[in-house]
Amino acid sequence: MPLSYDPCQRTFPCSRSVQFARRGMVCTSQPLAAQAGLDVLRQGGNAIDAAVAAAACMTVLEPVSNSLGSDCFAIVFSGGQLYGLNGSGPSPAALSLCSLLQAGYRKMPQKGWLPVMVPGAPQAWAQLQQRFGCLPLSRLLEPAAAYAEEGFPVSPVISRLWERAVQSALKSPPENSPGFQEWLRVFAPQGRAPRAGEIWSSPAHAATLRELGETGCESLYRGRLAEEIDRFSRRTGGTLRADDLKDFSAEWVSPIHADYRGYTVWELPPNGHGLTALMALQILEGFSLSEREDVETVHRQIEAMKLALTDGMRYIADPRFMKARVEELLSPAYIARRRALIGSRALLPQAGDPFCGGTIYLCTADREGNMVSLIQSSYLDFGAHLVVPGTGIALNNRGCNFSLNPQMENCAGPGKRSYHTIIPGFLTKDGQPLGPFGVMGAFMQPQGHLQLISNLIDFQMNPQEALDAPRWQWTQGREIMLEPGFPQAVARQLSERGHLITTAADSLSFGRGQLIVRGENGVLAGATEPRTDGTVACW
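None of these values were measured; they are calculated from a predicted model. (Residues numbered from 1 in each chain as written. Predicted model: local features only at pLDDT ≥ 70, side-chain atom pairs only at ≥ 80, totals over all residues. Heavy atoms only, no water.)

Novice: Lay out the packing of aromatic side chains in plain terms, naming residues and giving numbers.
Specialist: With the rule as written, the count across this model stands at 15 aromatic pairs. Ring centres 5.8 Å apart and planes at 75 degrees place the aromatic pair F132 and W252 in the edge-to-face group. Of the two residues, F132 is situated in helix α4 (residues 121-132) and W252 in strand β7 (residues 251-253); the sequence distance between them amounts to 120 residues. Residue F132 is classed as buried on the basis of its relative accessible area of 14%. Of the aromatic side chains, those joined through ring pairs into one cluster are F152, W162, F180, W183, F187, W200 and F382. Against the face of W252 rests R131, its NZ or CZ located 4.6 Å from the ring centre. (Phe/Tyr/Trp six-rings, centres within 6.5 Å; stacked < 30°, edge-to-face > 60°. Helix = DSSP H or I, 4+ residues; strand = E, 2+ residues; numbered from the N terminus. Buried < 20%, exposed > 50% of the residue type's maximum accessible area, 1.4 Å probe, protein only. Lys NZ or Arg CZ within 6 Å of the ring centre and 35° of its normal.)

Novice: Explain the environment of P122 residue by residue, including any values.
Specialist: Its location among the elements puts P122 in helix α4. Exposure remark for P122: the relative accessible area of 0% places this residue in the buried category. Expressed as a C-alpha distance, the spacing of P122 and P92, which sit 30 residues apart in the sequence, is 18 Å. Excluding residues within four positions of it along the chain, P122 makes contact with L68, S70, L212, C217, L220 and Y221. (Contact = heavy atoms within 4.5 Å.)

Novice: Tell me what's going on with the side chain of N397, and back it up with residues and numbers.
Specialist: With respect to the helices and strands, the residue N397 is situated in the loop between β13 (393-394) and β14 (425-429). Discounting residues that sit within four places of it in the chain, N397 has contacts with Q110, K111, P115, S378, Y379, L380, G383 and A384.

Novice: Would you mind going over the pairing of strand β3 (residues 71-78) in detail, with residue names and values included?
Specialist: The element β3 is extensively covered by neighbouring structure, given that eight of its eight residues are classed as buried. Alternating positions in β3 separate into two faces, D71, F73, I75 and F77 on one and C72, A74, V76 and S78 on the other, with burial throughout. Strand direction decides the pairing type here: β3 and strand β11 (residues 371-377), joined by seven bridges, are antiparallel. If you follow C72 over to β11, its bridge partner there is Q376. (Pairing = 2+ DSSP bridges.)

The structure is reproduced here in structure tokens:
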């Protein structure tokens, strides 16, 4: 077995069992989406078809996290090769830094029209299906359309996220946003979020999904839906136009990688921050780690991640505007300099100088060897809190990650992709695929990747244990938030080293990941974590 672990071990409270199968597997954070993907596999589709079907379902089943207005990134293993797809849209051509500053903004707003970017997910689905799929796109989007039209019972964790988002929106609605009322009508039809087990539906969302299926998603970029978005934007003070949509295309990219103790970890290149996970792993590889719950192990993991994320937030941007190259940030000399900063005390991290010297995640696999790591997001809960009337299209707010500092590469401007937090991952060994992995949750994502990979490789946990293990999360400066269940003895020792420790009230902000590993004889091992309502659907 390429990864060494005990499949029967269950170390943590509420742990699930690893799931095994041979013919196919779909792991998502909502059971109905996993089952829809598995149905596609049973009906002759492949892992790519299953991923698209599940992703479309998730826009209905977990709308607080993603939508038809989302971005989407994917890593695909097919025919012995890895492929990357960047489905993040750019800012509107009319977005102006000067106008933002003149209007008095000192940072990008989180809601309303200003942070809205071109939706990339539907175009990404179409490209995945066109390049790799076996079944027509209309067939892949139909399960999602059926759930939207007929309604479905909302699952427990998603209902909590939904209620939290609605309450927050009602307390602080978007400024100058006439479109907010449409958002409330769609997602809080009774003045509140649907409770767990209650039925929610969106007939307009269903009609849009079917229109996307029939047109290969062209309608949203060069057809009727594009016209509806343009009309809504003009009427309510937005800058997004039909020309912005018409000019967009998802981009095929080459995944980037780093070796970690004999394994190879793959991420997508900027504008996403998968690079920070690779940097942190490279820094950590220079240390010998003992027990997982040893304070020295946790301290070094935290410090490596702080340094990598600080660099990422300084240098990662739309790659056309980046001054630091991926090769420079991952160079052995630069990694060694960053590693040398780690001592026994908590650092107050600062960006180095490499020039010297809200999201859903899902993964799929089939018996032919295809595997997909896919993530999509409208960003902070429900994105911009804008829904295009009559379409069910909730728009993203990814532009709120832009800087308003004109000296920064990630500065707001026309036609630019912003710094992006959603990152699919993939693991190989000796050139052979092991499988897709991901941990959703904004700036928690690379931190979740590091902890998951370390659990698998350093501590030989089985896939389910590796997801179940209690996590830490760096928030800023020396501030570390610990998940409930994290060992308190280690927490006290971290405090003694200068970390400012708090324990979270719940696990909602610590990521909700999925993982598939292909082992000997093609046996698939799948895991989904207890922080979500997820399911491993297998055949």
